[in-house]
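# Structural characterization, general
Residue strings, one per chain:
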Amino acid sequence: MYDVIIVGGGASGLACALTLASSRGRGWNWAEGRTYLVFDTGESDLHKAYLKNVPGVQPMTGTQLLEVIKEQIKDWGGVEFSEEKVVEIKKDGEVYKVYTEAGKEYSAKYVVLAGGFKEFSIKGLELEVVENPKSPKPGRVMIKHIDFEVMPNLFVVGTLAGLSSHFTSCAGSGVEVAIEILSRMAGKRIVIHDVPQD
Ligand SMILES: Cc1cc2nc3c(=O)[nH]c(=O)nc-3n(C[C@H](O)[C@H](O)[C@H](O)COP(=O)(O)OP(=O)(O)OC[C@H]3O[C@@H](n4cnc5c(N)ncnc54)[C@H](O)[C@@H]3O)c2cc1C
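Bringing unusual backbone geometry into the picture now. In this model, Phe-148 sits at a positive phi of 75°, which is unusual for a non-glycine residue. Mapping Phe-148 onto the fold places it in the loop between β10 (141–143) and β11 (149–151). Its identity is not glycine, yet Asn-153 carries a phi of approximately 65°, on the positive side.

Rendered as C-alpha coordinates:
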(Lines give C-alpha, C1' and ligand atoms only; values in the text may rest on other atoms or scores of the structure.)
Protein backbone atom coordinates (compact mmCIF):
# COMPACT_ATOMS: atom_id res chain seq x y z
CA MET A 1 0.00 0.00 0.00
CA TYR A 2 1.28 3.45 -0.98
CA ASP A 3 0.72 6.65 0.93
CA VAL A 4 0.00 8.64 -2.23
CA ILE A 5 -0.71 7.54 -5.79
CA ILE A 6 -0.50 10.27 -8.45
CA VAL A 7 -2.22 9.57 -11.76
CA GLY A 8 -0.33 11.61 -14.35
CA GLY A 9 3.31 12.65 -14.46
CA GLY A 10 3.17 15.96 -16.32
CA ALA A 11 3.51 19.49 -14.94
CA SER A 12 1.10 19.14 -12.02
CA GLY A 13 1.76 15.47 -11.14
CA LEU A 14 5.55 15.81 -11.05
CA ALA A 15 5.38 19.06 -9.07
CA CYS A 16 3.19 17.25 -6.55
CA ALA A 17 5.60 14.29 -6.38
CA LEU A 18 8.63 16.59 -5.96
CA THR A 19 7.09 18.42 -3.02
CA LEU A 20 6.00 15.16 -1.37
CA ALA A 21 9.51 13.72 -1.79
CA SER A 22 11.11 16.88 -0.41
CA SER A 23 9.59 16.16 3.00
CA ARG A 24 12.15 13.36 3.44
CA GLY A 25 15.43 13.57 5.31
CA ARG A 26 14.44 16.51 7.54
CA GLY A 27 14.12 14.65 10.81
CA TRP A 28 10.33 14.63 10.56
CA ASN A 29 9.33 11.17 11.84
CA TRP A 30 5.88 11.38 10.26
CA ALA A 31 7.47 11.89 6.80
CA GLU A 32 9.98 9.05 6.86
CA GLY A 33 9.17 5.77 5.16
CA ARG A 34 6.29 7.26 3.18
CA THR A 35 5.75 5.72 -0.24
CA TYR A 36 4.73 7.55 -3.39
CA LEU A 37 3.82 6.17 -6.82
CA VAL A 38 3.37 8.14 -10.06
CA PHE A 39 1.55 6.54 -13.00
CA ASP A 40 2.31 8.20 -16.31
CA THR A 41 1.59 7.21 -19.90
CA GLY A 42 4.07 9.80 -21.22
CA GLU A 43 1.69 12.08 -23.09
CA SER A 44 2.19 15.35 -21.22
CA ASP A 45 1.38 18.47 -23.25
CA LEU A 46 4.83 19.63 -22.22
CA HIS A 47 6.31 17.32 -24.87
CA LYS A 48 4.92 19.76 -27.47
CA ALA A 49 6.13 22.91 -25.73
CA TYR A 50 9.17 25.18 -25.94
CA LEU A 51 9.12 27.15 -22.71
CA LYS A 52 10.14 30.78 -22.65
CA ASN A 53 7.71 32.11 -20.02
CA VAL A 54 8.23 29.84 -17.02
CA PRO A 55 9.50 32.14 -14.25
CA GLY A 56 13.12 31.49 -13.33
CA VAL A 57 13.57 28.76 -15.95
CA GLN A 58 15.96 29.31 -18.86
CA PRO A 59 14.28 28.60 -22.22
CA MET A 60 14.11 24.86 -22.87
CA THR A 61 11.77 22.26 -24.32
CA GLY A 62 9.01 20.88 -22.15
CA THR A 63 10.55 17.43 -22.53
CA GLN A 64 13.80 18.77 -21.07
CA LEU A 65 11.92 20.39 -18.19
CA LEU A 66 10.15 17.11 -17.39
CA GLU A 67 13.56 15.40 -17.24
CA VAL A 68 14.93 18.11 -14.94
CA ILE A 69 12.01 17.65 -12.53
CA LYS A 70 12.39 13.85 -12.60
CA GLU A 71 16.08 14.27 -11.65
CA GLN A 72 15.07 16.59 -8.79
CA ILE A 73 12.63 13.93 -7.57
CA LYS A 74 15.31 11.22 -7.79
CA ASP A 75 17.64 13.37 -5.67
CA TRP A 76 15.09 13.32 -2.83
CA GLY A 77 14.16 9.66 -3.42
CA GLY A 78 11.11 7.74 -2.29
CA VAL A 79 9.05 8.06 -5.48
CA GLU A 80 8.32 5.10 -7.77
CA PHE A 81 7.22 5.51 -11.38
CA SER A 82 5.06 3.27 -13.55
CA GLU A 83 4.17 3.70 -17.22
CA GLU A 84 0.91 1.80 -16.75
CA LYS A 85 -2.39 3.46 -17.63
CA VAL A 86 -4.86 3.79 -14.76
CA VAL A 87 -8.34 2.68 -15.88
CA GLU A 88 -10.35 2.39 -12.65
CA ILE A 89 -10.28 3.70 -9.08
CA LYS A 90 -12.55 2.45 -6.31
CA LYS A 91 -13.00 3.62 -2.73
CA ASP A 92 -12.77 0.77 -0.25
CA GLY A 93 -13.33 2.23 3.24
CA GLU A 94 -10.45 4.63 3.86
CA VAL A 95 -8.36 3.17 1.04
CA TYR A 96 -8.39 3.82 -2.68
CA LYS A 97 -7.86 0.82 -4.98
CA VAL A 98 -6.26 1.77 -8.28
CA TYR A 99 -6.48 -0.58 -11.27
CA THR A 100 -4.36 -0.43 -14.41
CA GLU A 101 -4.90 -1.49 -18.00
CA ALA A 102 -2.38 -4.28 -17.39
CA GLY A 103 -4.80 -5.74 -14.83
CA LYS A 104 -2.76 -4.86 -11.74
CA GLU A 105 -4.21 -3.49 -8.48
CA TYR A 106 -2.56 -0.91 -6.24
CA SER A 107 -3.84 0.85 -3.14
CA ALA A 108 -3.21 4.15 -1.41
CA LYS A 109 -4.58 6.38 1.32
CA TYR A 110 -4.41 9.46 -0.93
CA VAL A 111 -4.92 9.75 -4.70
CA VAL A 112 -4.08 12.78 -6.85
CA LEU A 113 -5.64 12.98 -10.32
CA ALA A 114 -3.21 14.82 -12.63
CA GLY A 115 -4.05 13.38 -16.02
CA GLY A 116 -4.61 16.58 -17.99
CA PHE A 117 -7.75 18.03 -19.54
CA LYS A 118 -8.08 16.12 -22.82
CA GLU A 119 -10.39 13.47 -21.39
CA PHE A 120 -11.26 11.71 -18.16
CA SER A 121 -12.06 8.05 -18.75
CA ILE A 122 -11.10 6.50 -15.40
CA LYS A 123 -14.06 4.49 -14.12
CA GLY A 124 -15.26 3.63 -10.62
CA LEU A 125 -15.69 7.05 -9.00
CA GLU A 126 -18.70 9.32 -8.91
CA LEU A 127 -17.10 12.57 -10.07
CA GLU A 128 -18.58 15.63 -11.74
CA VAL A 129 -16.72 15.94 -15.04
CA VAL A 130 -17.65 19.16 -16.84
CA GLU A 131 -16.46 21.29 -19.78
CA ASN A 132 -13.24 23.13 -18.87
CA PRO A 133 -14.16 26.86 -18.91
CA LYS A 134 -10.54 28.07 -19.08
CA SER A 135 -9.57 26.18 -22.22
CA PRO A 136 -9.67 28.10 -25.51
CA LYS A 137 -10.25 24.74 -27.25
CA PRO A 138 -13.66 23.07 -26.94
CA GLY A 139 -14.00 19.55 -25.59
CA ARG A 140 -11.49 19.95 -22.75
CA VAL A 141 -12.72 18.72 -19.37
CA MET A 142 -12.29 19.39 -15.67
CA ILE A 143 -13.43 17.69 -12.48
CA LYS A 144 -15.38 19.79 -9.97
CA HIS A 145 -13.67 20.15 -6.60
CA ILE A 146 -13.46 22.23 -3.45
CA ASP A 147 -9.90 23.43 -2.78
CA PHE A 148 -8.71 20.68 -5.17
CA GLU A 149 -10.41 17.93 -3.09
CA VAL A 150 -13.00 15.88 -4.95
CA MET A 151 -13.83 13.44 -2.18
CA PRO A 152 -12.03 12.70 1.10
CA ASN A 153 -8.30 12.31 0.38
CA LEU A 154 -8.81 12.30 -3.40
CA PHE A 155 -7.56 15.42 -5.15
CA VAL A 156 -7.42 16.84 -8.67
CA VAL A 157 -4.66 19.15 -9.96
CA GLY A 158 -3.48 20.87 -13.12
CA THR A 159 -5.63 21.45 -16.18
CA LEU A 160 -7.94 18.65 -15.01
CA ALA A 161 -8.71 20.86 -11.99
CA GLY A 162 -9.75 23.67 -14.33
CA LEU A 163 -6.57 25.75 -14.21
CA SER A 164 -5.41 27.61 -17.29
CA SER A 165 -2.97 25.61 -19.36
CA HIS A 166 0.34 27.07 -18.20
CA PHE A 167 3.19 25.22 -16.57
CA THR A 168 3.40 27.44 -13.49
CA SER A 169 -0.34 27.39 -12.73
CA CYS A 170 -0.52 23.62 -13.07
CA ALA A 171 2.69 22.92 -11.15
CA GLY A 172 1.50 25.29 -8.41
CA SER A 173 -1.66 23.28 -7.87
CA GLY A 174 0.44 20.11 -7.52
CA VAL A 175 2.51 21.82 -4.83
CA GLU A 176 -0.62 23.05 -3.00
CA VAL A 177 -2.09 19.55 -2.86
CA ALA A 178 1.21 17.97 -1.79
CA ILE A 179 1.46 20.43 1.12
CA GLU A 180 -2.16 19.72 2.08
CA ILE A 181 -1.50 15.96 2.13
CA LEU A 182 1.75 16.37 4.07
CA SER A 183 -0.01 18.63 6.59
CA ARG A 184 -2.63 15.93 7.15
CA MET A 185 0.13 13.37 7.66
CA ALA A 186 1.89 15.69 10.12
CA GLY A 187 -1.30 16.60 11.98
CA LYS A 188 -0.39 20.30 11.71
CA ARG A 189 0.21 22.92 9.03
CA ILE A 190 3.64 22.68 7.42
CA VAL A 191 5.69 24.31 4.69
CA ILE A 192 8.96 23.01 3.27
CA HIS A 193 11.67 25.65 2.99
CA ASP A 194 15.39 25.14 2.48
CA VAL A 195 18.15 27.63 3.22
CA PRO A 196 21.68 27.94 1.82
CA GLN A 197 24.24 25.65 3.45
CA ASP A 198 27.40 27.29 4.88
C1 LIG B 1 1.89 23.17 -28.00
C2 LIG B 1 1.91 23.56 -26.52
C3 LIG B 1 2.76 24.57 -26.11
C4 LIG B 1 2.75 24.97 -24.77
N5 LIG B 1 3.57 25.99 -24.39
C6 LIG B 1 3.57 26.42 -23.12
C7 LIG B 1 4.36 27.51 -22.73
O8 LIG B 1 5.09 28.11 -23.53
N9 LIG B 1 4.30 27.91 -21.41
C10 LIG B 1 3.53 27.29 -20.50
O11 LIG B 1 3.55 27.67 -19.31
N12 LIG B 1 2.75 26.24 -20.84
C13 LIG B 1 2.74 25.80 -22.13
N14 LIG B 1 1.94 24.76 -22.50
C15 LIG B 1 0.99 24.20 -21.51
C16 LIG B 1 1.56 23.10 -20.60
O17 LIG B 1 2.18 22.09 -21.37
C18 LIG B 1 0.37 22.53 -19.80
O19 LIG B 1 -0.30 23.58 -19.14
C20 LIG B 1 0.77 21.50 -18.77
O21 LIG B 1 1.53 20.45 -19.37
C22 LIG B 1 -0.47 20.91 -18.12
O23 LIG B 1 -0.09 20.12 -17.04
P24 LIG B 1 -1.00 18.94 -16.50
O25 LIG B 1 -0.27 18.34 -15.37
O26 LIG B 1 -2.39 19.42 -16.29
O27 LIG B 1 -1.10 17.89 -17.72
P28 LIG B 1 0.05 17.24 -18.59
O29 LIG B 1 1.36 17.93 -18.41
O30 LIG B 1 -0.49 17.13 -19.97
O31 LIG B 1 0.23 15.79 -17.95
C32 LIG B 1 -0.78 14.82 -17.90
C33 LIG B 1 -0.09 13.45 -17.85
O34 LIG B 1 -1.01 12.46 -17.37
C35 LIG B 1 -0.80 11.27 -18.09
N36 LIG B 1 -2.04 10.48 -17.98
C37 LIG B 1 -3.28 10.84 -18.37
N38 LIG B 1 -4.19 9.90 -18.06
C39 LIG B 1 -3.48 8.89 -17.45
C40 LIG B 1 -3.87 7.62 -16.92
N41 LIG B 1 -5.15 7.22 -16.93
N42 LIG B 1 -2.91 6.82 -16.39
C43 LIG B 1 -1.61 7.25 -16.37
N44 LIG B 1 -1.19 8.45 -16.87
C45 LIG B 1 -2.13 9.25 -17.40
C46 LIG B 1 -0.46 11.74 -19.51
O47 LIG B 1 0.24 10.75 -20.24
C48 LIG B 1 0.39 12.97 -19.21
O49 LIG B 1 1.77 12.64 -19.16
C50 LIG B 1 1.92 24.33 -23.83
C51 LIG B 1 1.08 23.29 -24.25
C52 LIG B 1 1.05 22.91 -25.58
C53 LIG B 1 0.12 21.82 -26.04
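We now examine the site of the ligand. Taken together, 35 residues form the shell around the ligand, and within it Gly-8, Gly-10, Ser-12, Gly-115 and Gly-158 come nearest. Of all the secondary structure elements, the ones that give two or more residues to the shell around the ligand are α1 (11–21) and α3 (167–186). Within the shell around the ligand, the residues separate by chemical class into 13 nonpolar, 17 polar and five charged.

This brings us to the nonpolar core. Within the largest apolar cluster, 49 residues are counted, with the highest numbers of intra-cluster contacts made by Cys-16, Ala-17, Val-111 and Val-112. With eight residues, α1 is the largest single contributor of residues to this core. In contact with Cys-16, other than residues within four places in its own chain, are Ile-6, Val-112, Ala-114, Val-157, Gly-174, Val-175, Val-177 and Ala-178.

With five bridges joining them, strand β1 (residues 2–7) and strand β8 (residues 105–113) adopt parallel strand pairing. In the strand pairing of β8, Val-7 is matched with Leu-113. Pairing geometry for β1 and strand β2 (residues 36–39), over four bridges, is parallel. Note that in β2 the partner of Val-4 across the bridge is Tyr-36. Between β1 and its parallel partner β2, the chain crosses via α1, and the hand of that crossover is right-handed.

Thresholds, definitions, all that
- Residues numbered from 1 in each chain as written.
- Predicted model: local features only at pLDDT ≥ 70, side-chain atom pairs only at ≥ 80, totals over all residues.
- Helix = DSSP H or I, 4+ residues; strand = E, 2+ residues; numbered from the N terminus.
- Near = placed C-beta within 6 Å.
- Nonpolar A, V, L, I, M, F, W, Y, C, P; charged D, E, K, R; others polar.
- Core = buried A, V, L, I, M, F, W, Y, C linked by C-beta atoms within 7 Å.
- Buried ≥ 20, exposed ≤ 12 C-beta atoms within 10 Å, placed from the backbone.
- Contact = placed C-beta atoms within 7 Å.
- Pairing = 2+ DSSP bridges.
- Right-handed = clockwise from strand over helix to strand, strands pointing away.

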